[in-house]
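Tertiary structure, described
Below, each chain spelled out in residue letters.
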Amino acid sequence: MDMIRTLTGTPPDTILPRGTIDTQMHMYLPGYDAQPGGPPIPPGALPDADQYRRFMKWIGIDRVVITQGNAHQADNSNLVACLEEMGDIARGVCVIRPDTPDAEIERLSRAGVVGARVMDLPGGAVGLSALEGVDARARSAGWVTAVQFDGSNILDHEARLATLQSRWILDHHGKFFSGAGRAQIDAVKRLIDGGNCWFKFAGVYESSRSGGPDYADVAAVAREIALHAPERILWGTNWPHNLAKTTEEYPDDRALTDTVLSWLPSDAARQQALVATPERLFGFGAF
């Protein structure tokens, strides 16, 4: 039986502020096949613009940053089509390589792309071996760089990350698959204090070892980072939860929204993380 995503229902108890930006999600339109090297398109009814609009209305989201899904690897055609479909409320994070032609980067910028992703995990199209090259291209274009890897190894990569020249995002709560001790948390703080690093709350279930509903291990790290630098926090739903294969394992988005946003230390910090910070980082105008 096809997996069924919940798209409507009782809204979260947390009232999202006007202008909220979901900075981490994926969208898939008909006619864009999965590419070799990546995972398949998520199961169930295609998680397209119509599905996501219903989801936005339910959760209370007004704007969105669409991230290139691993299924499409370095073919950004689906992403560009999604940006055209969603219009001015959307921006995009694509996949490029260090040798991507200038003309292609300019074309992507015109389409609404404002960032490039580096994902050094299975299925990722471009890994840490290309980090500095992608960073240089992103900085030249005025884009951000979203970086995702096993954060438990962050001490091995801190020196490289500290030299990045673009504005960059440590993705998915840092993805500390083996846990985050004091050394790892302090490394994240040092990188944030460097002045061009942000930390994204998204996909908590992908790296939590303690599990839901409270995800206590990730929550402890998230709360500490948010207290340290509330102006450097972003939030994303990670819709449509690509790792979910069955209806039974599909996350409860209402509960997930309330849980993750409770880790921000105040209403002012929530306004900052959901509206003001992503507006500036991703080039949105005032809502």
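Residues numbered from 1 in each chain as written. Predicted model: local features only at pLDDT ≥ 70, side-chain atom pairs only at ≥ 80, totals over all residues. Heavy atoms only, no water.

1. Re the packing of aromatic side chains
Tallied over the entire structure, the rule returns six aromatic pairs. Relative to Trp263, the ring of Phe201 has its centre 6.3 Å away and its plane inclined at 65°; by these criteria the two rings are edge-to-face. Of this pair, Phe201 sits in strand 7 (residues 197-201) while Trp263 sits in the loop between helix 8 (253-261) and helix 9 (267-282), and the two are 62 residues apart along the sequence. These aromatic residues form a ring-pair network of at least three members: Tyr52, Phe55, Trp58 and Trp239. (Phe/Tyr/Trp six-rings, centres within 6.5 Å; stacked < 30°, edge-to-face > 60°. Helix = DSSP H or I, 4+ residues; strand = E, 2+ residues; numbered from the N terminus.)

2. Side note on the side chain of Gln73
Here Gln73 lies in the loop between strand 2 (63-67) and helix 2 (77-86). Ignoring anything within four residues of it in the chain, the contact list for Gln73 reads Gln35, Pro36, Gly37, Gly38, Gln68, Val95, Gly123, Gly124 and Ala125. (Contact = heavy atoms within 4.5 Å.)

3. Some words on the sheet that holds strand 8 (residues 233-235)
A sheet is described by the order of its strands in space; here eight strands give the open sequence 1-2-3-4-5-6-7-8, paired in parallel fashion. Two strands in the sheet have a free side with no partner beyond their single neighbour: strand 1 (21-25) and strand 8. Ignoring strand direction, the axes of neighbouring strands in this sheet form an average angle of 25°. Here strand 7 pairs with strand 8 via three bridges, running parallel. The residue bridging Phe201 from the neighbouring strand is Trp235, located in strand 8. (Pairing = 2+ DSSP bridges. Axes fitted to C-alpha atoms, helices over the stretch in contact; angles between N-to-C directions.)

4. Remarks on the nonpolar core
Counting 77 residues, the largest nonpolar core has Tyr52, Ile66, Met86, Trp143, Leu161, Phe201 and Trp263 as the members making the most contacts within it. The contact partners of Tyr52, leaving out residues within four places of it in the chain, are Asp22, Met25, Met27, Ile61, Val64, Met86 and Trp239. The next biggest cluster of nonpolar side chains, apart from the first, holds 11 residues, and it includes Ile21, Val114, Phe282 and Phe284. (Core = buried A, V, L, I, M, F, W, Y, C linked by side-chain atoms within 4.5 Å. Buried < 20%, exposed > 50% of the residue type's maximum accessible area, 1.4 Å probe, protein only.)

5. A short note on the side chain of Ser166
Relative to the assigned elements, Ser166 resides in the loop between helix 5 (154-161) and strand 6 (167-170). Under the relative-accessibility criterion, Ser166 is labelled buried at 2%. Separated by 2.9 Å, the side chains of Ser166 and Thr145 make a polar contact. With residues near it in sequence (within four places) discarded, Ser166 still touches Asp135, Ala138, Arg139, Trp143, Thr145 and Asn196. (Polar contact = N/O pair within 3.5 Å; in protein donor to acceptor, adjacent residues only side chain to side chain.)

6. As for the environment of Asp62
Counting through the fold element by element, Asp62 comes out in the loop between helix 1 (49-59) and strand 2. Measuring from C-alpha to C-alpha, the distance between Asp62 and Ile21 comes to 6.2 Å, with 41 residues separating the pair along the chain. With near-sequence residues (within four places) excluded, Asp62 lies in contact with Pro17, Arg18, Gly19, Thr20, Met56, Ile89 and Phe287. A polar atom in the side chain of Asp62 sits 2.7 Å from the backbone nitrogen of Gly19.

7. Considering the packing of helix 1 against helix 8
At a closest axis distance of 11 Å, the pairing of helix 1 and helix 8 adopts a crossing angle of 50°. One finds that helix 1 runs oblique with respect to helix 8. Note on packing geometry: the crossing formed by helix 1 with helix 8 is right-handed. Residues Phe55, Trp58 and Ile59 of helix 1 form the contact with helix 8, whose own contacting residues are Asp253, Arg254 and Thr257. Looking at side-chain class alone, the contact of helix 1 with helix 8 contains three nonpolar, one polar and two charged residues. (Parallel < 35°, antiparallel > 145°, perpendicular 65-115°, else oblique. Left-handed = near helix turned anticlockwise from the far one by under 90°. Nonpolar A, V, L, I, M, F, W, Y, C, P; charged D, E, K, R; others polar.)

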